[in-house]
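Below are the chains, spelled out letter by letter.
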Amino acid sequence: MSRQTASELPFTDAAKAVETSVRQKIWIDLDNTPHVPFFKPIIRELEKNGFSVFLTARDAFQVCELADKSCLKYAKVGRHYGKNSVMKVTGLLWRSLQLLPTVLREKPVIAVSHGARSQIFLANLLRIPTVLIMDYEHAKTPPMVRPKWEIIPEAIDAKSLYVPAERVRKYSGIKEDVYAAEFQPTPGFAESLGLSPDAIIVTVRPPATEAHYHNPESEVLFVEFMKMLHETPGTQAVLLPRNKKQANEITEAHPEWFKNNKVIIPKTAVDGLNLLWHSDLVVSGGGTMNREAAALGLPVYSIFRGPIGAVDTRLAAEQRLHLLTSPQEVREKIRFVRRDKSAASKSSQAALRNIIAHLQQIASIETSA
């Protein structure tokens, strides 16, 4: 079978891809916070094109809270088991077992995720074709959690994947384009967070200290930047810790950062794109927030010190993302400047069109096999 590139795939009519008499069922598993905004438009388009979609969600980070705010209907299954590798494996197996009754009842034709290992593990055991949409090729993938199909950005070389090239599909742009293309800012959002209209607003995301790819150098850059922010008058930051444990560790170690609302930690989950749009710059140790900022055309600085993926490498080459490697670069390269919000760029809708077309094609191939 010849493999089509993203630019060659149209936004196909569902009648060409699925049996109209039967609504084929697709299982999507929301495993991490960024999966909620990413999959929301995908779910809408799949349903518009004749599919039935059922969702499961892991009770980790802010997945369920954001899913509720997005009015998504889902079955809450499992939780996060921390950094310990033994507990991670135990949690993966236990969550797979917890998912089993729902999956046996729903009988999906394909299982789709952006890295939900419990889903892939269970689906592989049940011989349900798995589709992994991914944008970071350096993630460790043990044999039992490798998908049958992958959908990746054009920037990634398919040769770097475990999946054979004939089962790889590509999409234009970056995954954040899928939902950033539809974004509209909410009036009064900044005021609701207690942000000063006179301050230069910075969104800050600490490193993912519990991730397997974490490099402690990221924490050094994070602390250096927060010191710089604390020393700079006329600035205010919104800090988005990964979880309550990380929030408590930061506030206990550096109470001076939070005096006089200099740094704010939101009490509930916030709309990430709205927060970014109301910011003047972004400093983050997480890939998704960096790329969301790039999709919106914001100045964004990465303090991520793990292996740099092809997507971020391309964004850096295009000057849409600034990679920082040392405390000295933090001081030299980051500038606190108010940005012109009217000049923000607009993401392309090609990524969403490509992904929907690929999922339709894969579902058609698997049901006709």
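Residues numbered from 1 in each chain as written. Predicted model: local features only at pLDDT ≥ 70, side-chain atom pairs only at ≥ 80, totals over all residues. Heavy atoms only, no water.

## Digging into the overall build of the protein chain
Here's step 1: When you go through the protein chain residue by residue, the secondary structure sums to 13 helices and 13 strands.
Here's step 2: In terms of overall dimensions, the protein chain is globule-like: its C-alpha atoms have a radius of gyration of 21 Å, near the 21 Å expected for 369 residues.
Here's step 3: Dimensions of the protein chain along its principal axes, counting C-alpha atoms only, are 65 × 45 × 40 Å.
Here's step 4: By residue count, 54% of the 369 residues in the protein chain fall in the buried class.
Here's step 5: By sequence separation, contacts in the protein chain at least 24 residues apart represent 67% of the contacts at least 6 residues apart. (Helix = DSSP H or I, 4+ residues; strand = E, 2+ residues; numbered from the N terminus. Rg over C-alpha atoms; globule rule 2.2 N^0.38 Å. Buried < 20%, exposed > 50% of the residue type's maximum accessible area, 1.4 Å probe, protein only. Contact = heavy atoms within 4.5 Å.)

## As for the nonpolar core
Side chains of nonpolar character tend, in soluble globular proteins, to be buried together.
Here's step 1: By size, the foremost hydrophobic cluster in this structure holds 72 residues, and its most contacted members are Ile28 and Ile42.
Here's step 2: Once residues lying within four places of it in the same chain are set aside, the contact partners of isoleucine 28 are Phe39, Ile43, Leu46, Val53, Phe54, Leu55, Thr56, Val112 and Gln119. (Core = buried A, V, L, I, M, F, W, Y, C linked by side-chain atoms within 4.5 Å.)

## Observations regarding the packing of helix 3 (residues 85-106) against helix 4 (residues 117-125)
Here's step 1: Relative orientation of the contacting elements helix 3 and helix 4 amounts to 60°, with a least axis distance of 8 Å. Accordingly, the angle class assigned to the pair helix 3 and helix 4 is oblique. Where helix 3 crosses over helix 4, the two elements pack in a sense that is right-handed. Residues Gly91, Leu92, Leu93, Arg95, Ser96, Leu99, Leu100 and Val103 of helix 3 pack against Arg117, Ser118, Gln119, Phe121 and Leu122 of helix 4.
Here's step 2: For the contact of helix 3 with helix 4, the per-class residue count stands at seven nonpolar, four polar and two charged. (Axes fitted to C-alpha atoms, helices over the stretch in contact; angles between N-to-C directions. Parallel < 35°, antiparallel > 145°, perpendicular 65-115°, else oblique. Left-handed = near helix turned anticlockwise from the far one by under 90°. Nonpolar A, V, L, I, M, F, W, Y, C, P; charged D, E, K, R; others polar.)

## With respect to the side chain of threonine 130
Here's step 1: Within the secondary structure layout, threonine 130 lies in strand 5 (residues 130-133).
Here's step 2: Separated by 2.9 Å, the side chain of threonine 130 and the backbone nitrogen of lysine 148 make a polar contact. (Polar contact = N/O pair within 3.5 Å; in protein donor to acceptor, adjacent residues only side chain to side chain.)

## Digging into helix 10 (residues 287-296)
Here's step 1: In terms of burial, helix 10 is largely enclosed, as nine of its ten residues are buried.
Here's step 2: Looking at the packing, one finds that the buried side of helix 10 touches helix 5 (177-180), strand 8 (200-205), helix 9 (272-277), strand 11 (281-284), strand 12 (300-302) and helix 11 (310-317).
Here's step 3: Where helix 10 ends, the next residue or the one after it, glycine 297, has phi of about 80°, a positive value.

## Regarding the sheet that holds strand 9 (residues 235-239)
Here's step 1: Ordered in space as 10-9-8-11-12-13, the six strands form an open sheet in which the pairing is parallel. Edge strands, defined here as strands with exactly one partner in the open sheet, are strand 10 (263-264) and strand 13 (322-323).
Here's step 2: Where strand 9 lies against strand 10, two bridges are found, and the strand directions are parallel. By the bridge assignment for strand 10, valine 238 is matched with isoleucine 264.
Here's step 3: Contacts from helix 7 (residues 217-231) reach strand 8, strand 9, strand 10 and strand 11, with the element oriented near 160° to strand 8. (Pairing = 2+ DSSP bridges.)

## Some words on the pattern of salt bridges
Close approach of charged atoms allows side chains with opposite charge to pair.
Here's step 1: Summed over all chains, the structure comprises 20 salt bridges.
Here's step 2: Between arginine 95 and aspartate 31 there is a salt bridge whose closest N-O contact spans 3.9 Å. In this pair, arginine 95 is assigned in helix 3 and aspartate 31 in the loop between strand 1 (25-30) and helix 1 (35-48), connecting sequence segments 64 residues apart. Residues arginine 95 and aspartate 31 agree in their burial class; the two are buried.
Here's step 3: Where arginine 331 meets glutamate 224, a salt bridge forms, and the shortest distance between an N and an O atom there is 2.8 Å. Separated by 107 residues along the polypeptide, arginine 331 in helix 12 (residues 327-333) and glutamate 224 in helix 7 bring together distant segments of the chain.
Here's step 4: One salt-bridge network, held together by shared partners, links Asp135, Lys175, Glu176, Arg291 and Asp312. (Salt bridge = Lys/Arg side-chain N within 4 Å of Asp/Glu carboxyl O.)

## Brief notes about the sheet that holds strand 5
Here's step 1: Read across the sheet, seven strands follow the order 3-2-1-4-5-6-7 without closing on themselves; strand pairing throughout is parallel. Because the sheet does not close on itself, it has two edges, and the strands there are strand 3 (75-79) and strand 7 (168-171). Averaged over neighbouring strand pairs, the angle between their axes works out to 25° when direction is ignored.
Here's step 2: Alignment of strand 1 against strand 4 (residues 110-113), held across three bridges, turns out to be parallel. Residue tryptophan 27 lies in a different strand from strand 4, and its bridge partner there is alanine 111.
Here's step 3: Set on the sheet, helix 3 makes contact with strand 1, strand 2 (52-59) and strand 3; between it and strand 2 the angle comes to about 165°.
Here's step 4: This element, helix 13 (residues 350-368), spans strand 4, strand 5, strand 6 (149-153) and strand 7 of the sheet and lies at about 160° to strand 7.

## Side note on the packing of aromatic side chains
The way to describe two aromatic rings as a pair is by their centre distance and the angle between their planes.
Here's step 1: Under the defined criterion, the tally for this structure stands at five aromatic pairs.
Here's step 2: Ring geometry for phenylalanine 38 against phenylalanine 39: centres 4.9 Å apart, planes inclined by 75°, an arrangement best described as edge-to-face.
Here's step 3: Here phenylalanine 38 falls in the buried class, since its relative accessible area comes to 0%.
Here's step 4: Between tyrosine 136 and phenylalanine 304, the ring centres sit 6.3 Å apart and the planes meet at 85°, which makes this aromatic pair edge-to-face. Here tyrosine 136 is found in the loop between strand 5 and strand 6, whereas its partner phenylalanine 304 is found in the loop between strand 12 and helix 11, with 168 residues between them in sequence. (Phe/Tyr/Trp six-rings, centres within 6.5 Å; stacked < 30°, edge-to-face > 60°.)

## So, unusual backbone geometry
Here's step 1: Backbone geometry at phenylalanine 61 places phi at a positive 55°, although glycine is not the residue there.
Here's step 2: Mapped onto the secondary structure, phenylalanine 61 falls in the loop between strand 2 and helix 2 (63-69).
Here's step 3: Owing to a relative accessible area of 34%, phenylalanine 61 belongs among the partly exposed residues under this scheme.
Here's step 4: Its identity is not glycine, yet asparagine 260 carries a phi of approximately 60°, on the positive side.
Here's step 5: Positionally, asparagine 260 belongs in the loop between helix 8 (244-253) and strand 10.

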